[in-house]
Amino acid sequence: MSAAPSAFQIGERFCGPPDSANGGLLGGTFAAAAFPDAEAVEVSFLAPCPLGIDLAIDRGDDGAELRHGSTAVARARATPLELDVPHPPAPDAVGPVAG
């Protein structure tokens, strides 16, 4: 089991929309911090995330919330990794390679 931090910051150079964090970076950082041993994490964004400010991770039985003061920025929950991988086509169903 990995040690899970209780807070983190997104640096100002990782700006997405004006004056807020890049969503992909925020989602990945929050997921990894809140559930370091999960095989998959679902993150929902609730408000723009400020840059260069401590963001607190509040963990509960049903997931985690990322907060800046009294504002909930995002919520996350661990979830099973479910992939629906298609079967490859049969060799005789594939045409010649163009090129």
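Just above sits the structure.
Residues numbered from 1 in each chain as written. Predicted model: local features only at pLDDT ≥ 70, side-chain atom pairs only at ≥ 80, totals over all residues. Heavy atoms only, no water.

(A) Region of interest: unusual backbone geometry. For Asp-19, which is not glycine, the phi dihedral falls at a positive 60°. Structurally, the position occupied by Asp-19 is in the loop between strand S1 (7-8) and helix H1 (23-34). The exposure class of Asp-19 is exposed, given its relative accessible area of 69%. (Helix = DSSP H or I, 4+ residues; strand = E, 2+ residues; numbered from the N terminus. Buried < 20%, exposed > 50% of the residue type's maximum accessible area, 1.4 Å probe, protein only.)

(B) Local environment of H1. In this model H1 runs 16 Å from its N-terminal to its C-terminal C-alpha over 12 residues, within 8% of the 16 Å that 1.5 Å per residue would give. For H1, every residue scored as buried is listed here: Leu-26, Gly-27, Phe-30, Ala-31, Ala-33 and Ala-34. Of the surrounding secondary structure, the elements contacted by the buried residues of H1 are S1, strand S2 (41-45), strand S3 (55-60), strand S4 (63-68) and strand S5 (71-78). For H1, the side-chain oxygen to backbone nitrogen distance between the N-cap and Gly-24 is 3.0 Å, and the N-cap itself is Asn-22. (Expected span 1.5 Å × (residues − 1). Contact = heavy atoms within 4.5 Å. Polar contact = N/O pair within 3.5 Å; in protein donor to acceptor, adjacent residues only side chain to side chain.)

(C) Region of interest: the pattern of salt bridges. A complete count under the given rule lists four salt bridges for this structure. With a closest N to O distance of 3.2 Å, Arg-77 and Glu-42 form a salt bridge. Of this pair, Arg-77 sits in strand S5 while Glu-42 is found in strand S2, placing the two residues 35 residues apart along the sequence. The exposure class of Arg-77 is partly exposed, given its relative accessible area of 37%. Owing to a relative accessible area of 39%, Glu-42 belongs among the partly exposed residues under this scheme. Among the ionic pairs, Glu-65 bridges to Arg-75, the shortest N-O distance being 2.7 Å. Taken as a pair, Glu-65 in strand S4 and Arg-75 in strand S5 lie far apart in primary sequence, 10 residues in all. With a relative accessible area of 17%, Glu-65 lands in the buried category. (Salt bridge = Lys/Arg side-chain N within 4 Å of Asp/Glu carboxyl O.)

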